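# Descriptive analysis of the structure
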Amino acid sequence: MADHIPEEIHIRHCMLFEFRKGINATEATKNICGVYGDVLDVRKCQRWFSKFRSGNLDLFDDHRPGRPVELDNDLLRVEIESDPCQSIRELAEKLNCSHPTVLEHLQQIGNVSRRGVWVPHQF
């Protein structure tokens, strides 16, 4: 067993190596965990082996569609300055992003809600 936990990409290289040797996912998981400890579960190895069998030997995650999490902090500041009484949900709707994204960016720019009004956080 190793003293350190290897990076995810290294584990994926190991899975590809085991796949090319013709070993099944269960046995590959045992071999990899025998060297590195509990760094891989069988189901994850099976998913990667399925990907390899389809001919995709890329070791990086596929792009997954979804709403972008990027939000321009300057645009958020302008919205708050124009109407500091807006709720997070109202801001999310106006800026076309999720509630948690707005909350995260409000924290980044240092604003907090005091009595229903967004104000700069004072330390």
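As the structure is a computational prediction, the values presented were derived from the model and not from experiment.

With that out of the way, let us pick up the packing of aromatic side chains. Going through the model one piece at a time under the given rule, you end up with four aromatic pairs. Between the aromatic rings of W48 and F52, the centroid separation amounts to 6.0 Å while the plane-to-plane angle is 45 degrees, which identifies the pairing as tilted. Here W48 pairs with F52, and both are found in helix α3 (residues 42-53), just four residues apart, close to one helical turn. Residue W48 is classed as buried on the basis of its relative accessible area, which comes to 8%. F52 gets classed as buried once you look at its relative accessible area, which sits at 3%. The structure contains a cluster of three or more aromatic residues connected by ring pairs, namely F19, W48, F49 and F52.

This paragraph deals with the nonpolar core. Core analysis: the biggest nonpolar cluster contains 15 residues, and I11, M15, I32, L40, C45, F49 and F52 have the highest contact counts within it. Elements with a contribution of two residues or more to this core: α1 (8-20), α2 (25-36) and α3. The element that contributes the greatest number of residues to this core is α2, accounting for five residues. Each residue touching F52, except ones within four places of it in the same chain, is listed here: R12, M15, L16, F19, L57, D58 and L59. One finds L71, L76, A92 and L106 within the second-largest nonpolar core, a separate group that totals eleven residues.

A separate point is the pattern of salt bridges. Oppositely charged side chains may form a pair once their charged atoms are brought near each other. A complete count under the given rule lists five salt bridges for this structure. E8 is the partner of K44 in a salt bridge, and the nearest nitrogen-oxygen pair spans 2.8 Å. Of this pair, K44 sits in helix α3 while E8 is found in helix α1, placing the two residues 36 residues apart along the sequence. Overall, the relative accessible area of 30% leaves E8 in the partly exposed class. The salt bridge partner of D61 is R12, with a shortest N-O separation of 3.0 Å. One end of the pair, D61, is in the loop between α3 and α4 (73-82); the other, R12, is in helix α1, with 49 residues separating them in the sequence.

Parameters and conventions
- Residues numbered from 1 in each chain as written.
- Predicted model: local features only at pLDDT ≥ 70, side-chain atom pairs only at ≥ 80, totals over all residues.
- Heavy atoms only, no water.
- Phe/Tyr/Trp six-rings, centres within 6.5 Å; stacked < 30°, edge-to-face > 60°.
- Helix = DSSP H or I, 4+ residues; strand = E, 2+ residues; numbered from the N terminus.
- Buried < 20%, exposed > 50% of the residue type's maximum accessible area, 1.4 Å probe, protein only.
- Core = buried A, V, L, I, M, F, W, Y, C linked by side-chain atoms within 4.5 Å.
- Contact = heavy atoms within 4.5 Å.
- Salt bridge = Lys/Arg side-chain N within 4 Å of Asp/Glu carboxyl O.

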